[in-house]
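A closer look at the structure
Now for the letters of each chain:
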Amino acid sequence: MDPVVWRSLAADIVSLTGEHLVLVAVSSIIAICIGVGIGIAGTRHRRLRNVSITVANVLQTIPSLALFGFLLPIPVIGGIGQRTAIISLVLYSLLPILRNTIVGITTVDPALREASTAMGMTDRQLLTLVELPLAAPTILAGIRIAVVTNIGTAVIAAVIGGGGLGVLIFRGVASVDTTQILAGAVPAAVLALLADGTLGYLERRIGRL
Amino acid sequence: MAYLSFREVSYAVGERVILDRLSFDLERGETLVLLGRSGSGKTTALRLINRMLERSGGTITIDGTDVQSVDAIQLRRRIGYVIQEFGLLPHWTVEQNIALVPKLIAWPPDRQRQRARDLMAQVGLDPDRFGHRFPHELSGGQRQRVGVARALAAEPALLLFDEPFGALDPVTRHEMQQQFIQVREQFGGASVFVTHDLAEALSIGSRIAVLESGKLEGLFTPEQFLQAETPTARAFLNTLPQGLGPPGARTPRT
């Protein structure tokens, strides 16, 4: 390959990887805040639990490409660009985080909840001292699934002008250029493996505590 | 005035009456055993005291104060509670588990730690050896010792025991009963102890309340219980092997 083309491609890989990371990081942080927050509230309100799980399930069944497309014409949150892509990724990441938060908390040993309440813990203390620490490995497992899936799904953000490594892949597909496709796909796969390894390590560390 | 007093206390879920107008008094230093078959309402009666359940009728007073007039969280922090499943926090060390209530009521950390160590020694656990262990590193008997120490930590005047030794093997259970008697002498407060084990009831109770289908069938001292003629008391006495009375029955403690 021509060194000039190669340098240009390398520069694209670096900048688009940066964009990809921003897409994944911002959407994951928002999804964690919403998913864990609603998950915790859902363990206290059965109706909220049922409604939120149903909504997240439905969102998950929408093909990712279609979800990006659905959001495009919606005022304020839609349109071409990174914001729409981030919103799609947030909606797409909610289910594993929400479900694992609810499962992690509701499966805490009832005897522990009974003893902690009988010792005089408030609901907040029960949550922060007992339920969340014990549910942490399960919640983290949900976050891990969400983040790793997110790295793959974020590739499609390029379709709606959201940037990221998908730009290289779609460009490669359009021009039947395998090098460009690989230039997008390989860094995305490496990012996914790194995220999986790091979060898996954290999960095991927390599980041992 | 009695320290703990039940007056016509009832508890119902919908139409189903679980406890029916239960009345008894308990003085400081006494251990009242609630004895009955499964489903007789004894655990329900215990849970009404610290408002883990809310009574449907009647009054429960502790030291003259209606438990209903006290904030439930504050009430529970003043009452020690031991359950059969131990309920120890698996991610906390033995020392942290024992100091749970002192931590909730914001004792200074040094005082919490010292109290936990003193109690470990009192229940027969070497503080240096066991203080930093986690519950999964202990045997069932050791876990229940931690459970008893935890209940005593914030110096409550009332202790509630819900079949605390039911999951232990007979030898460990006997050791724990002896330990309970020793600890009680130092504790000096009142205890309510739920069990369906007659030998346990006779050896540790200063009085035995027999419950049947949510009603108080009779209130006996251990000596009176051995002569009792009520149906449930007789049914329990019939479970004793012929000619073998429980050792504690002839020397009941108060």
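Below you will find a few notes about this structure.

Quick notes on the overall build of chain B
When you go through chain B residue by residue, the secondary structure sums to 11 helices and 10 strands. Against the 2.2 N^0.38 benchmark of 18 Å for 254 residues, chain B shows a C-alpha radius of gyration of 18 Å, consistent with a compact globule. Viewed in the frame of its principal axes, chain B has a C-alpha envelope of about 50 × 45 × 30 Å. When the accessible surface of chain B is split by element, carbon and sulfur atoms take 48% of a total near 11,000 Å². Both charge centroids of chain B, one from 29 positive and one from 29 negative side chains, sit 2 Å from each other.

Comments concerning the overall build of chain A
Tallying secondary structure elements over chain A gives 8 helices and 0 strands in all. When the helices and strands of chain A are listed from N to C terminus, the series reads α-α-α-α-α-α-α-α. The dimensions of chain A, computed from C-alpha atoms along their principal axes, are 75 × 40 × 20 Å. By the burial criterion, 46% of the 209 residues in chain A qualify as buried.

A word on the sheet that holds strand S5 (residues 65–66) of chain B
Residues and elements named next belong to chain B. Across the sheet, 4 strands lie side by side as S2-S1-S4-S5; this open sheet has antiparallel pairing. Taken across any chain shown, the strands that pair with only one partner, and hence form the sheet edges, are strand S2 (16–26) and S5. As paired strands, strand S1 (residues 4–13) and strand S4 (residues 57–62) are joined by 5 bridges and run antiparallel to one another. Residue pairing across strands places Ser5 opposite Thr61, the latter belonging to S4. Sitting on the sheet, helix H1 (residues 42–49) touches S1, S2 and S4, and the angle it makes with S1 is about 115 degrees.

What to know about the interface of chain A and chain B
Counting residues at the interface gives 17 residues for chain A and 21 residues for chain B. Surface buried jointly by chain A and chain B totals about 1,600 Å² across both partners, of which 72% is contributed by carbon and sulfur atoms. Looking only at chain A, the three residues that lose the most surface to chain B are A:Glu114, A:Ala118 and A:Met119, adding up to 37% of its buried area. Put simply, chain A and chain B have 1 salt bridge between them. Summed over the shared surface of chain A and chain B, the number is 5 residue pairs in polar contact (both at pLDDT 80 or more). Sorting the residues of the side of chain A that touches chain B by element identifies helix H5 (110–118) and helix H6 (123–153) of chain A as the ones contributing at least two each. With 7 residues, the single largest contributor to the side of chain A that touches chain B is H5(A).

Comments concerning a nonpolar patch on the surface
All names here are of chain A. There is a patch of nonpolar side chains on the surface, built from Val22, Val26, Ile30, Ile34, Ile38 and Leu48 and spanning about 390 Å² of accessible area. Here the nonpolar patch takes 5 residues from helix H1 (residues 3–44), the largest share from any one element. Tracing the sequence through the fold places Ile30 in helix H1. Judged by its relative accessible area of 35%, Ile30 is partly exposed.

Quick look at empty space enclosed by the protein
A full pass over the atoms with the stated rule returns 2 cavities of 30 Å³ or more. The volume enclosed by the largest cavity comes to roughly 50 Å³. Surrounding the largest cavity, A:Met119, B:Arg76, B:Arg77, B:Ile79, B:Gly80, B:Tyr81, B:Val101, B:Arg150, B:Ala151, B:Ala154 and B:Pro156 form its lining. In terms of residue count, strand S6 (residues 79–83) of chain B provides more of the lining of the largest cavity than any other element does, 3 residues in total. The volume enclosed by the second largest cavity comes to roughly 40 Å³. Every residue lining the second largest cavity is listed: B:Val148, B:Leu159, B:Phe161, B:Phe180, B:Val183, B:Arg184, B:Phe187 and B:Ser191. Elements with a minimum of two residues in the lining of the second largest cavity: strand S7 (158–162) and helix H8 (170–187) of chain B. It is H8(B) that contributes the most residues to the lining of the second largest cavity, 4 residues altogether. In terms of residue class, the lining of the second largest cavity is made up of 6 nonpolar, 1 polar and 1 charged.

Concerning the environment of B:Pro135
All names here are of chain B. Structurally, the position occupied by Pro135 is in the loop between helix H6 (127–130) and helix H7 (140–152). Pro135 sits in the buried class, given a relative accessible area of 7%. Between the C-alpha atoms of Pro135 and Ala201, which are 66 residues apart in sequence, the distance is 28 Å. Discounting residues that sit within four places of it in the chain, Pro135 has contacts with Leu88, Leu89, Pro90, Trp92, Asn97 and Arg143.

About the thresholds
- Residues numbered from 1 in each chain as written.
- Chains lettered and ligands numbered in written order.
- Predicted model: local features only at pLDDT ≥ 70, side-chain atom pairs only at ≥ 80, totals over all residues.
- Heavy atoms only, no water.
- Helix = DSSP H or I, 4+ residues; strand = E, 2+ residues; numbered from the N terminus.
- Rg over C-alpha atoms; globule rule 2.2 N^0.38 Å.
- Areas by Shrake-Rupley, 256 points an atom, 1.4 Å probe, with all protein chains shown as cover.
- Lys, Arg positive; Asp, Glu negative; His and termini not counted.
- Charge placed at Lys NZ, Arg CZ, Asp CG, Glu CD.
- Buried < 20%, exposed > 50% of the residue type's maximum accessible area, 1.4 Å probe, protein only.
- Pairing = 2+ DSSP bridges.
- Contact = heavy atoms within 4.5 Å.
- Axes fitted to C-alpha atoms, helices over the stretch in contact; angles between N-to-C directions.
- Buried area = accessible area lost by both parts, 1.4 Å probe.
- Salt bridge = Lys/Arg side-chain N within 4 Å of Asp/Glu carboxyl O.
- Polar contact = N/O pair within 3.5 Å; in protein donor to acceptor, adjacent residues only side chain to side chain.
- Patch = residues over 30% accessible without salt bridge, like charges linked within 9 Å, V, L, I, M, F, W, Y side chains within 5 Å.
- 1 Å grid on protein atoms, 1.4 Å probe; cavity = no way out; pocket = protein on both sides within 12 Å on 5 of 7 lines; lining within 4 Å.
- Points joined across faces, edges and corners; volume = space filled by probe spheres on them.
- Nonpolar A, V, L, I, M, F, W, Y, C, P; charged D, E, K, R; others polar.

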